[in-house]
Amino acid sequence: MAAQGKLRLGVNIDHVATVRNARGGGYPDPLRAARAAQEAGADGITAHLREDRRHITDADIEGLQEVLTVPLNFEMAATEEMQAIALRHKPHAVCIVPEKREERTTEGGLEVAREENRLAHFIAPLREAGSRVSIFIAADQRQIEAANRIGAEVIELHTGAYCDAYAEGHWEEAQKELQKLEEMSKFAHDLGLEVHAGHGLTYDTVSPIAAFPEVQELNIGHFLIGEAIFLGLGPAIAEMRRLMDDARKG
Ligand SMILES: CC(=O)[C@@H](O)[C@H](O)COP(=O)(O)O
Ligand SMILES: NCC(=O)COP(=O)(O)O
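Analysis parameters
Residues numbered from 1 in each chain as written. Chains lettered and ligands numbered in written order. Predicted model: local features only at pLDDT ≥ 70, side-chain atom pairs only at ≥ 80, totals over all residues. Pairing = 2+ DSSP bridges. Helix = DSSP H or I, 4+ residues; strand = E, 2+ residues; numbered from the N terminus. Axes fitted to C-alpha atoms, helices over the stretch in contact; angles between N-to-C directions. Near = placed C-beta within 6 Å. Nonpolar A, V, L, I, M, F, W, Y, C, P; charged D, E, K, R; others polar. UniProt positions renumbered as here; feature names shortened; annotations may be inferred. Buried ≥ 20, exposed ≤ 12 C-beta atoms within 10 Å, placed from the backbone. Contact = placed C-beta atoms within 7 Å. Left-handed = near helix turned anticlockwise from the far one by under 90°.

**Description of the sheet that holds strand β6 (residues 154-158)**
- Ordered in space as β1-β2-β3-β4-β5-β6-β7-β8, the eight strands form a closed barrel in which the pairing is parallel. Neighbour-to-neighbour, the strand axes of the sheet open up by a mean angle of 25°, direction not taken into account.
- As judged from the four bridges shared by strand β4 (residues 93-96) and strand β5 (residues 132-137), these two strands associate in the parallel manner. Paired with Ala93 across the two strands is Arg132, which belongs to β5.

So, in structure tokens, the structure goes:
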């Protein structure tokens with residue numbers, strides 16, 4: 001299958017807010033980062049309003065809705081509080097993610113299959129409000145089928161297991177994870193779902209994922225914000241864009 005058009009890059013700005021919140025106060029400003037990312041060619045901005053507000057805050061989401069000229073992908077847990085916030089702001093996309101209060105980062109994909117009924121009712125008003133609903137899941141056929149059944153338009157495959165295996169030098173495991181991601185991208189695409197991917201991607205791990213023709217968007221944050229310390233945010237994003245485009249060309 002030929003690569004399907006331009007692969008979109010969503011820049012996740014959560015960890016600009018992490019640095020700001022380390023001291024309180026107003027800088028570095030995630031809205032300024034979002035504007036810089038837009039100028040550097042980001043196709044969208046992703047922000048995760050965690051229940052504990054450890055990085056992005058409610059005011060950040062409000063500000064992003066005001067300043068963005070590219071789509072906002074609003075990541076949130078499937079709670080009533082978050083649903084009310086999403087319904088108030090009506091972002092372009094809502095990505096439902098699993099959350100554990102004590103976790104360091106989003107550890108796995110959402111358990112959709114076991115909560116199908118609840119999640120179907122949960123996402124219905126978000127779709128009616130005009131947001132595209134995406135479900136952040138592991139590369140697991142059962143979960144993809146369930147995401148399709150509940151009426152999600154998009155799935156985002158969690159690339160963390162692949163990236164962790166790669167970072168730890170476990171090449172065979174990384175290859176296995178990559179193969180699962182490839183197979184499940186195809187599987188989801190054949191069901192009619194739009195396929196996104198993200199979590200933990202770096203310059204070293206992005207290319208094989210970007211080469212999957214079914215994947216239409218990558219969401220990348222933590223690495224880019226770290227790299228911005230050395231290169232500046234614009235050049236860090238430009239290099240990611242270059243790697244994605246090269247991988248897409250084959
Ligand atoms: C769902 C996802 O992958 C991102 O939102 C990521 O989780 C943000 O960073 P933290 O997990 O560190 O909050
Ligand atoms: N949904 C994944 C995301 O937005 C970015 O994750 P990360 O690159 O910050 O790990």
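Having seen the structure, we can now continue with the description.
**Some thoughts on the site of ligand 1**
- Taken together, Asn12, Asp14, His48, Arg50, Glu75, Val97, Thr105, Thr106, Phe136, His199 and Gly221 make up the full set of residues adjacent to ligand 1.
- Looking at the shell around ligand 1, its residues break down into two nonpolar, six polar and three charged.

**Re the UniProt feature "binding site: 3-amino-2-oxopropyl phosphate" (unreviewed entry) in the protein**
- Feature annotation in UniProt places "binding site: 3-amino-2-oxopropyl phosphate" (unreviewed entry) on Asn12, Arg23, Gly200, Gly221 and His222, given in this structure's numbering. Over a stretch of 211 residues, the named residues are scattered through the fold, their C-alpha atoms separated by up to 24.8 Å.
- Turning to its location among the elements, Arg23 is positioned in helix α1 (residues 14-23).
- Taking the number of C-beta atoms within 10 Å as the measure of exposure, Arg23 has 8 and is therefore exposed.
- Here Gly200 lies in the loop between β7 (194-198) and α9 (206-210).
- Setting aside chain neighbours within four positions, we find Gly200 in contact with Thr159, Gly160, Cys163 and Asp164.

**So, the packing of helix α2 (residues 30-39) against helix α3 (residues 58-67)**
- At a minimum axis distance of 10 Å, the contact between α2 and α3 shows a crossing angle of 30°. Between α2 and α3 the crossing geometry is right-handed. Where α2 abuts α3, its residues Pro30, Leu31, Ala34 and Arg35 lie against Asp60, Gly63, Leu64 and Val67.
- Broken down by class, the residue content of the contact of α2 with α3 amounts to five nonpolar, one polar and two charged.

**Details of the site of ligand 2**
- Residues in contact with ligand 2, as listed here, are Asn12, Thr46, Glu156, Gly198, His199, Gly200, Leu201, Asn219, Ile220, Gly221, His222 and Phe223.
- At the level of elements, β8 (215-220) and α10 (222-231) are the ones that each hand at least two residues to the shell around ligand 2.
- Along the lines of polarity and charge, the residues of the shell around ligand 2 split into three nonpolar, eight polar and one charged.

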